[in-house]
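This is what each chain is made of:
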Amino acid sequence: MSKSKGTTMGLTNRSGFPRRTNDTTRLIITALLGVIFGFFIGVSFPSDSLSKINFPSGFRSRYDSASIDARRSNTGEPENRESYNIPKIYVPTNPRGAESLPPGIVEAETDLYLRRLWGEPSEDLKKKPKYLVSFTVGWNQRHNIDAAVRKFSDEFTIVLFHYDGRATEWDVFEWSKTAIHISVKRQTKWWYAKRFLHPDVIASYEYIFIWDEDLGVEHFNADKYIHLVKKHGLEISQPGLEPNNGLTWQMTKRRGDREVHNFVEIMAPVFSRKAWRCVWHMIQNDLVHGWGLDFALRRCVEPAHEKIGVVDSQWIVHQVIPSLGSQGKSENGKAPWEGVRARCKSEWSMFQERLLRADKAYFLSSTSRSATADKQYVARLKGVKN
């Protein structure tokens, strides 16, 4: 009997080992099949489909929170306070479109200061230029522009508007590497100014120079000019023009017996920050040459006879280079410059008509306004066609 028991026990022990081995094998095979099946399901299931599945809201909230927490722990991302239910904000004094923002985060104005891509933002600028000068240029006038730019110190941001599309070549000049270059073919300086010199974009500059490319600057110094503009309280100004050179209005020619006299044209105007905000709004989007604008500048300063002036002791020379005319198109047997000049004259008439219609709509829409306006002017407005 003892032998028989021993035999039975021996058989039991031998048969138990293979059974455990088979169980383990089945578990491993099942796990592998699960992994393989899951892999193929994952490959065939688009990654963005999760966003289209309508999970129960409770599950989704827990899932989103878990995902966000996981990302934060892995990336060190700062806590996103927007995940909380912030009370609604409405600030009517904010800029249009930003009423839902707290005023402390609103940046309503900007600048053209160049910044680094690294380091602390507060350390980006060694110096903030106080003034801005823009030239509308073609590559053929590069030497003239080089001479002009050298008359402006590092107190000025330099902006070049390229009407010929050639911007990269200007880096042969060292100053060009820190200038702002904007290139759109066959446009005028007023087209550029309307679109790229918005008052909120250049609000950090005290004075804005918007100059042509064909100006001789041998007798001009920008820092001395700014000094005189401030001294005489000029909001809209220009350097005097050499009386014996070029085409210009008689009233903008330099007078040798004084520092300043009245009137400004559109060749080389200089605007204060405040005056430019007004003038910018008066520039018409489709009237690109700006003709007639000079006769309306007085509307943007008060009193005009004190705030507008030509600085005679700092003068320039109009070289009369018809570079813009070459950007026109020959039509009906006429040279390109003839078409450009014809449009200039046409725009002058159109601007005057629009201004008169705007005055009429304003003054004649109210009896009180009409009563306080100049009677002769009101009588003239009544004859203006709507």
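This write-up is about the structure you can find in this document.

The rules behind these values
Residues numbered from 1 in each chain as written. Predicted model: local features only at pLDDT ≥ 70, side-chain atom pairs only at ≥ 80, totals over all residues. Heavy atoms only, no water. Helix = DSSP H or I, 4+ residues; strand = E, 2+ residues; numbered from the N terminus. Contact = heavy atoms within 4.5 Å. Areas by Shrake-Rupley, 256 points an atom, 1.4 Å probe, with all protein chains shown as cover. Core = buried A, V, L, I, M, F, W, Y, C linked by side-chain atoms within 4.5 Å. Buried < 20%, exposed > 50% of the residue type's maximum accessible area, 1.4 Å probe, protein only. Pairing = 2+ DSSP bridges. Axes fitted to C-alpha atoms, helices over the stretch in contact; angles between N-to-C directions. Parallel < 35°, antiparallel > 145°, perpendicular 65-115°, else oblique. Nonpolar A, V, L, I, M, F, W, Y, C, P; charged D, E, K, R; others polar. Patch = residues over 30% accessible without salt bridge, like charges linked within 9 Å, V, L, I, M, F, W, Y side chains within 5 Å. Salt bridge = Lys/Arg side-chain N within 4 Å of Asp/Glu carboxyl O. Phe/Tyr/Trp six-rings, centres within 6.5 Å; stacked < 30°, edge-to-face > 60°. Lys NZ or Arg CZ within 6 Å of the ring centre and 35° of its normal. Arc of directions from axis to C-beta. Polar contact = N/O pair within 3.5 Å; in protein donor to acceptor, adjacent residues only side chain to side chain. Disulfide = S-S within 2.5 Å.

Before going further, it helps to examine the overall build of the chain. From N to C terminus, the chain includes ten helices and nine strands. Taking as baseline every contact in the chain between residues at least 6 positions apart, the subset at least 24 positions apart corresponds to 70%. Summing over all exposed atoms, the chain offers an accessible surface of approximately 24,600 Å²; the carbon and sulfur share of this is 55%.

A few words now on the nonpolar core. Counting 36 residues, the largest nonpolar core has Trp190, Ile236, Trp276, Val279 and Leu293 as the members making the most contacts within it. Listing elements by their share of this core, those giving two or more residues are strand 2 (156-162), strand 3 (180-183), helix 4 (189-196), strand 4 (207-211) and helix 6 (273-282). At five residues, helix 6 tops the list of elements feeding residues into this core. Among all residues touching Ile236, those that are not within four sequence positions of it are Val264, Val270, Phe271, Ala275, Val279, Leu297, Val301, Lys307, Ile308 and Gly309. In terms of nonpolar packing, the next biggest core, distinct from the first, is built from 34 residues, Ile145, Phe152, Tyr207 and Tyr225 among them.

Looking now at the environment of Leu234. Residue position: Leu234 is located in the loop between helix 5 (222-231) and strand 6 (236-241). Along the primary structure Leu234 and Glu306 are separated by 72 residues, whereas in three dimensions their C-alpha atoms are 7.1 Å apart.

What follows concerns unusual backbone geometry. Negative phi characterises most residues that are not glycine, and trans characterises most peptide bonds. In this chain, Glu302 is followed by Pro303 through a cis amide linkage whose omega measures -5°. With respect to the helices and strands, the residue Pro303 is situated in the loop between helix 6 and helix 7 (304-307). Phi at Arg186 takes a positive value of approximately 55°, unusual for a residue other than glycine. On the secondary structure map, Arg186 appears in the loop between strand 3 and helix 4. Judged by its relative accessible area of 51%, Arg186 falls in the exposed class.

On to the pairing of strand 1 (residues 131-137), then. Two faces make up the sheet, and in a regular strand the side chains alternate between them. Extensive coverage of strand 1 is indicated by the burial of seven of its seven residues. Burial along strand 1 is two-sided: Tyr131, Val133, Phe135 and Val137 facing one way and Leu132, Ser134 and Thr136 facing the other are all buried. Pairing geometry for strand 1 and strand 2, over seven bridges, is parallel. Paired with Val137 across the bridge in strand 2 is His162.

With that out of the way, let us pick up the packing of helix 8 (residues 336-363) against helix 10 (residues 375-382). Put simply, helix 8 and helix 10 touch, their axes get as near as 9 Å, and they point 110° apart. Relative to helix 10, helix 8 is oriented roughly perpendicular. Packed against helix 8, whose contacting residues are Leu356, Asp359, Lys360 and Phe363, the element helix 10 presents Tyr377, Arg380, Leu381 and Lys382 at the interface. Taken together, the residues of the contact of helix 8 with helix 10 sort by class into four nonpolar, no polar and four charged.

Quick look at a nonpolar patch on the surface now. Taken together, the side chains of Ile28, Leu32 and Ile36 make up a nonpolar region of the molecular surface, amounting to roughly 280 Å² of accessible area. As for its placement among the helices and strands, Leu32 is situated in helix 1 (residues 2-44).

The subject of this paragraph is the packing of aromatic side chains. For the structure shown, the criterion picks out 27 aromatic pairs. Between Phe152 and Trp211, the ring centres sit 5.7 Å apart and the planes meet at 75°, which makes this aromatic pair edge-to-face. Within this pair, whereas Phe152 is found in the loop between helix 3 (142-149) and strand 2, its partner Trp211 is found in strand 4, the two being separated by 59 residues in sequence. The residues Phe152 and Trp211 share a single accessibility class, namely buried. Considering the side-chain rings of Trp170 and Phe173, the 6.0 Å spacing of their centres and the 50° angle between planes classify their relative orientation as tilted. What links up through ring pairs into an aromatic cluster is the set Tyr131, Phe135, Phe152, Phe156, Tyr207, Phe209, Trp211, Phe220 and Tyr225. Over the ring of Trp280 we find Lys194; its NZ or CZ atom is 3.8 Å from the centre of that ring.

Along helix 5, the residues that are buried comprise Ala222, Tyr225, Ile226, Leu228 and Val229. Here the buried residues of helix 5 occupy an arc of 165° about the axis, which is enough to place them on one side. Of the exposed residues in helix 5, the ones pointing more than 90 degrees away from its buried face are Lys224, His227 and Lys231. The opening residue of helix 5 is Asn221, an N-cap whose side-chain oxygen sits 3.1 Å from the backbone nitrogen of Asp223. Gly233 sits one or two positions beyond helix 5 and adopts a positive phi of about 65°.

Let us now look at the state of the cysteines. The term disulfide refers to a covalent linkage connecting the sulfur atoms of a pair of cysteines. Across all of its chains, the model carries one disulfide by this definition. Residue pairing for Cys278: its cysteine sulfur links by disulfide to Cys300, the two sulfurs lying 2.0 Å apart. Because the torsion about its S-S bond is -70°, the bridge between Cys278 and Cys300 counts as left-handed. One end of the pair, Cys278, is in helix 6; the other, Cys300, is in the loop between helix 6 and helix 7, with 22 residues separating them in the sequence.

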